[in-house]
Amino acid sequence: MLGSDTLRGYNDTIILHVLMDGDNYGYAISARIDADSKGVYPIKETTLYSTFARMEKKGFVTSYYGDESFGRRRIYYSITGEGKKYYKDKCIEWQQTKEVIDKFTRKDF
Amino acid sequence: METIKNYVEALFSSIPASEEANRLKEDMLLNLEEKYNALLSTGKSEAEAVGIVIMGIGTAEDLKAALNDEKLGKSRVKVSFKGVNVEDGDDKVHVGWDGVHVESNGDGTYTVSENEDGTFSYHQENGSKFPFAAILWPLCIIAFLIMGFAFHLWHYAWLVFAAAVIVTILYSSVAEGYRKKDLFGAVEGCVWTMVVAGYLYVGFKYSFWHPGWIIFPIVGLMDGIAHSVYGYCKSRTEKEEK
């Protein structure tokens, strides 16, 4: 299992990736991350929510209350144009990072 | 579910309350409830589900940092002839000729003063100061003009200003003494004010200016003695308390 320290700097990318498929809310996003990473990266709730808060301040996402007909209403997050641009930059950055780290790590252990 | 709720409440209690923090907390609770129910539906026991949910929450550090981002961005330092001004979110510190003022989380202004033993203490100013001078002086001018024009008492009317000066000294020394919790200082201020008032009174009324001035060195000497006696008694009681 990977800790949030290892992936620090990519939590926003991971969440934006989920939001690229459409607006979504807290639990569904964390469940998607858990499933897509096959349980290797269970994102902590505090990490998730602090990333939402940061990205909203930076203008990468917007939020709104859902219109569930019963009970309390969830907050949905939606990626903005700026968020999409940032996501693209992070994808490119990751490819470069991966190439560099690959050169300095051995796979024959 | 109650355990999870209490855990989240405890987690958020270490974060400064704000509308944003509250919004996130409510939404987090709602989503944790969904996660909890999802775990129950996969056949987990209530205790297991509570354990898994709580294990997955994480620490408050991330949240604190994310919620403070905006405030931290407002930090600034300004240096001018008036002194040094530091602003960090809601906290403000001013160091200038008129002393040190600390304003924290908007809950009032603190004035920091240096104690005789080199330590620092501060007191909180509640509400605004009574604008004594702002009211007193216009009143004096009005009184002076009325006495002069209406009753032709120009000759005595100027005494209004002398009285105002005395009252101002009295007020400020008492207020200062009260503010610093310095009873001696307050009494000292009263005594000196009364001495000046008394000297002026006997001077004008009985022309007792000449030997009258002797009151000042006498009271000065007494004040000096009282000061040292008071200081001695105070240090003794403080030693006893220790």
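Rules behind the numbers
Residues numbered from 1 in each chain as written. Chains lettered and ligands numbered in written order. Predicted model: local features only at pLDDT ≥ 70, side-chain atom pairs only at ≥ 80, totals over all residues. Heavy atoms only, no water. Helix = DSSP H or I, 4+ residues; strand = E, 2+ residues; numbered from the N terminus. Buried < 20%, exposed > 50% of the residue type's maximum accessible area, 1.4 Å probe, protein only. Contact = heavy atoms within 4.5 Å. Areas by Shrake-Rupley, 256 points an atom, 1.4 Å probe, with all protein chains shown as cover. Pairing = 2+ DSSP bridges. Axes fitted to C-alpha atoms, helices over the stretch in contact; angles between N-to-C directions. Phe/Tyr/Trp six-rings, centres within 6.5 Å; stacked < 30°, edge-to-face > 60°. Lys NZ or Arg CZ within 6 Å of the ring centre and 35° of its normal. pLDDT = per-residue confidence, 0-100. Buried area = accessible area lost by both parts, 1.4 Å probe. Salt bridge = Lys/Arg side-chain N within 4 Å of Asp/Glu carboxyl O. Polar contact = N/O pair within 3.5 Å; in protein donor to acceptor, adjacent residues only side chain to side chain. Patch = residues over 30% accessible without salt bridge, like charges linked within 9 Å, V, L, I, M, F, W, Y side chains within 5 Å. Parallel < 35°, antiparallel > 145°, perpendicular 65-115°, else oblique. Left-handed = near helix turned anticlockwise from the far one by under 90°. Nonpolar A, V, L, I, M, F, W, Y, C, P; charged D, E, K, R; others polar.

Participant: Talk me through the overall build of chain A; I want residue IDs and the actual numbers.
Facilitator: Of regular secondary structure, chain A possesses 4 helices and 3 strands. Along the chain direction, N to C, the helices and strands of chain A fall in the order α-β-α-α-β-β-α. A burial count over chain A gives 41% of its 109 residues as buried. Across chain A, contacts joining residues at least 24 apart in sequence account for 50% of those joining residues at least 6 apart. Accessible surface for chain A amounts to roughly 6700 Å². Of this, 56% is attributable to carbon and sulfur atoms.

Participant: Describe in detail the sheet that holds strand E3 (residues 75-79) of chain A, supporting the description with residues and values.
Facilitator: All names here are of chain A. Pairing is antiparallel across the open sheet formed by 3 strands, whose spatial order is E1-E3-E2. Strands at the two margins of the open sheet, each flanked by one partner only, are strand E1 (24-25) and strand E2 (61-65). Both E2 and E3 contribute to a ladder of 5 bridges, which runs antiparallel. Looking across to E3, one finds that Tyr 64 is bridged to Tyr 76. On the sheet, helix H3 (residues 45-58) packs against E2 and E3 and is oriented at approximately 115 degrees with respect to E2.

Participant: Residues and numbers for the packing of aromatic side chains, please.
Facilitator: Given two aromatic rings, their pairing is described by the distance between the two centres and the angle made by the two planes. Throughout the structure, instances matching the rule amount to 13 aromatic pairs over all chains. Arranged with centres 5.2 Å apart and planes meeting at 70 degrees, the rings of Tyr 10 of chain A and Trp 94 of chain A form a pair that is edge-to-face. Of the two residues, Tyr 10 of chain A sits in the segment before helix H1 (11-19) while Trp 94 of chain A sits in helix H4 (residues 81-103), which places them 84 residues apart along the sequence. In this structure Trp 94 of chain A comes out as partly exposed when scored by relative accessible area, which is 37%. Aromatic pair Phe 204 of chain B and Trp 209 of chain B: ring centres 5.1 Å apart, planes at 80 degrees, arrangement edge-to-face. Through successive ring pairs, a cluster of aromatic residues spans Phe 144, Phe 149, Trp 154 and Phe 161 of chain B. One cation-aromatic arrangement involves Arg 74 of chain A over Tyr 25 of chain A; the distance from NZ or CZ to the ring centre is 3.9 Å.

Participant: Before we move on, could you go through the confidence of the model for chain B and cite the residues and values that matter?
Facilitator: For any part of a model where pLDDT is low, the fine detail of the predicted coordinates should not be relied upon. In this model, chain B carries an average pLDDT of 78, and 77% of its residues clear a pLDDT of 70 or more. Overall fold confidence (pTM) sits at 0.51, and the ipTM for the predicted complex is 0.86.

Participant: Describe in detail the interface of chain A and chain B, supporting the description with residues and values.
Facilitator: With 21 residues of chain A in contact, the opposing surface of chain B contributes 26 residues. Roughly 2200 Å² of surface becomes buried between chain A and chain B when both sides are summed, with 50% attributable to carbon and sulfur atoms. Looking only at chain A, the three residues that lose the most surface to chain B are Tyr 27, Thr 46 and Tyr 49 of chain A, adding up to 30% of its buried area. Put simply, chain A and chain B have 4 salt bridges between them. Across the pair Glu 20 of chain B and Lys 57 of chain A runs a salt bridge whose closest N-O atoms are separated by 3.7 Å. At the boundary of chain A with chain B, the tally comes to 13 residue pairs in polar contact (both at pLDDT 80 or more).

Participant: Which residues make up a nonpolar patch on the surface, and what are the values?
Facilitator: Residues and elements named next belong to chain B. Together, Ile 142, Ile 146, Phe 151, Leu 153, Tyr 156, Trp 158, Leu 159, Phe 204 and Trp 209 make up an exposed nonpolar region whose accessible area comes to about 880 Å². Among the structural elements, Leu 153 can be located in the loop between helix H5 (132-151) and helix H6 (154-157). Look at Leu 153 and you get partly exposed, because its relative accessible area is 33%.

Participant: Would you mind going over the packing of H3 of chain A against helix H2 (residues 19-41) of chain B in detail, with residue names and values included?
Facilitator: Contact pair H3 of chain A / H2 of chain B: the axes reach a minimum separation of 11 Å and the direction vectors enclose 140 degrees. Taken together, the axes of H3 of chain A and H2 of chain B lie oblique to each other. As H3 of chain A packs across H2 of chain B, the resulting crossing turns out to be right-handed. From H3 of chain A, Glu 45, Thr 46, Tyr 49, Ala 53, Glu 56 and Lys 57 of chain A reach across to H2 of chain B, where they touch Glu 20, Arg 23, Leu 24, Asp 27, Met 28, Asn 31, Leu 32 and Lys 35 of chain B. Its residues assigned to classes, the contact of H3 of chain A with H2 of chain B shows 5 nonpolar, 2 polar and 7 charged.

Participant: Go over the pattern of salt bridges with me, naming the residues and quoting the values.
Facilitator: Following the criterion strictly, the structure yields 11 salt bridges over all chains and no others. For the salt bridge of Lys 25 of chain B with Glu 9 of chain B, the shortest nitrogen-to-oxygen distance reads 3.1 Å. Separated by 16 residues along the polypeptide, Lys 25 of chain B in helix H2 and Glu 9 of chain B in helix H1 (residues 2-13) bring together distant segments of the chain. Residue Lys 25 of chain B is classed as buried on the basis of its relative accessible area of 12%. Taken together, the shared-partner salt bridges connect Asp 21, Arg 32 and Asp 36 of chain A into one network.

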